Amino acid sequence: MEKILYREGFTAETLPSEVIERIKGVSYKENPYVKLSDLAYLRVRYYDFEHKVQSGELIVARKLAEEVLDIFYELFEGGYEIEKIKLVDEYDADDERSMADNNSSAFNYRVVADTNTISAHSYGRAIDINPLINPYIVGDKVMPANAAEYADRDKEFDHKIDRMDLCYCIFKRHGWKWGGDWNNSKDYQHFYKEYDSPLKMAVRKLKSALIR
């Protein structure tokens, strides 16, 4: 993958050697499902909570790299505020620590909290935005633990993601799904792009042809 200069401050490239050194054994663990070559390293610009322009870094699925650049450029153009965007490796790949610090991140080879299911983050197909303010809620459990004041989604507060939020609208327009729509739990920070297998893609094309 050649380095893509999408706009000033928005780039995507194959994982540089120095990034590989940072993530090996931390967010990236040897596994049979995801290769380092399946991933891309992105730099994006964003507005922090003081509305100052910052530069952040993300790792996502290589096949989604340009789409994610699209999304973050649209967020930036819309003046959307994100407190920080750092690789989860800055927190030793500890998801709870990263969320508690309100860090927005993408790739992290791990299982879904309290399960044995491999997370969409493991494939670089999920992004969490302002996770402290938009927590993951299962029953009475709120994650991160310091996010209890944001668990009541009927309250109004800054940077809350709901269906009227610009972030939701942009991700949705690009075909991403939102954890806030789940029934058995709510993951208000979490946007994800489901993997379409070749079979699924063929079936969708066939259905489209039949409709026409």
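Preceding this section is the structure that the text describes.
Attention here is on the structure that accompanies the text. (Residues numbered from 1 in each chain as written. Predicted model: local features only at pLDDT ≥ 70, side-chain atom pairs only at ≥ 80, totals over all residues. Heavy atoms only, no water.)

### Section: the environment of Lys160
Step number 1: Within the secondary structure, Lys160 is located in the loop between β9 (141-143) and α4 (166-173).
Step number 2: Residue classification places Lys160 among the buried residues on the basis of a relative accessible area of 8%.
Step number 3: Residues Lys160 and Val111 lie 49 residues apart in sequence; the distance between their C-alpha atoms is 26 Å.
Step number 4: Beyond its immediate chain neighbours, meaning those up to four positions away, Lys160 contacts Ile133, Asn134, Arg153, Asp154, Lys155 and Asp165. (Helix = DSSP H or I, 4+ residues; strand = E, 2+ residues; numbered from the N terminus. Buried < 20%, exposed > 50% of the residue type's maximum accessible area, 1.4 Å probe, protein only. Contact = heavy atoms within 4.5 Å.)

### Details of the packing of aromatic side chains
Step number 1: Going through the model one piece at a time under the given rule, you end up with 11 aromatic pairs.
Step number 2: Between Tyr150 and Phe157, the ring centres sit 5.2 Å apart and the planes meet at 65°, which makes this aromatic pair edge-to-face.
Step number 3: Tyr150 gets classed as buried once you look at its relative accessible area, which sits at 17%.
Step number 4: Taken together, Tyr6, Phe10, Tyr47, Tyr73 and Phe76 form an aromatic cluster joined through their ring pairs.
Step number 5: The lysine or arginine in question, Arg7, covers the ring of Tyr73, its NZ or CZ lying 4.6 Å from the ring centre. (Phe/Tyr/Trp six-rings, centres within 6.5 Å; stacked < 30°, edge-to-face > 60°. Lys NZ or Arg CZ within 6 Å of the ring centre and 35° of its normal.)

### Description of unusual backbone geometry
Of all residues except glycine, most have a negative phi; of all peptide bonds, most are trans.
Step number 1: With an omega dihedral of 5°, the bond running from Met143 to Pro144 counts as a cis peptide bond.
Step number 2: Mapped onto the fold, Pro144 is located in the loop between β9 and α4.
Step number 3: Here His51, not a glycine, exhibits a phi torsion of approximately 60°, which is positive.
Step number 4: Inspection of the secondary structure assignment puts His51 in the loop between β3 (39-47) and β4 (53-61).
Step number 5: At His159, a position not held by glycine, the phi torsion is positive, near 70°.
Step number 6: Tracing the backbone shows His159 in the loop between β9 and α4.

### Side note on the nonpolar core
Step number 1: Leu42, Val68, Phe72, Leu75, Ile129, Phe171 and Phe191 are the most contacted members of the largest nonpolar core, which totals 41 residues.
Step number 2: Mapped by element, the contributors of at least two residues to this core are β2 (10-14), β3, β4, α2 (65-77) and α4.
Step number 3: If one sorts the elements of this core by residue count, α2 sits on top with eight residues.
Step number 4: Sequence-distant contacts of Leu75, that is, excluding residues within four places in its chain, are made with Tyr80, Ile82, Cys167, Ile170 and Phe171. (Core = buried A, V, L, I, M, F, W, Y, C linked by side-chain atoms within 4.5 Å.)

### Here's the deal with the state of the cysteines
Step number 1: For the structure on display, the rule yields zero disulfides.
Step number 2: Just so you know, Cys167 is unpaired, no disulfide at all, and the nearest cysteine sulfur is the one on Cys169, 9.2 Å from it.
Step number 3: The partly exposed category is assigned to Cys169, whose relative accessible area is 31%. (Disulfide = S-S within 2.5 Å.)

### Some details on the sheet that holds β3
Step number 1: Spatially, the four strands line up as an open sheet ordered β1-β2-β3-β4, and their pairing is antiparallel. The strands lining the two open edges of the sheet, one partner per strand, are β1 (4-7) and β4. Across the sheet, the axes of successive neighbouring strands diverge by a mean angle of 20°, strand direction being ignored.
Step number 2: Alignment of β2 against β3, held across four bridges, turns out to be antiparallel. Looking across to β3, one finds that Glu13 is bridged to Tyr41. (Pairing = 2+ DSSP bridges. Axes fitted to C-alpha atoms, helices over the stretch in contact; angles between N-to-C directions.)

### Things to note about the environment of Asp95
Step number 1: Mapped onto the elements of the fold, Asp95 is located in helix α3 (residues 95-100).
Step number 2: Separated by 49 residues in the primary sequence, Asp95 and Pro144 place their C-alpha atoms 8.6 Å from one another.

### Quick look at the sheet that holds strand β10 (residues 177-178)
In sheet architecture, strand pairing relies on hydrogen bonds along the backbone and comes in two forms, parallel and antiparallel.
Step number 1: Read across the sheet, three strands follow the order β7-β12-β10 without closing on themselves; strand pairing throughout is antiparallel. Edge positions in the open sheet fall to β7 (126-128) and β10, since each of these has one partner strand only.
Step number 2: Looking at chain direction, β7 and strand β12 (residues 190-192) are connected through three bridges and run antiparallel. Paired with Ala126 across the bridge in β12 is Tyr192.

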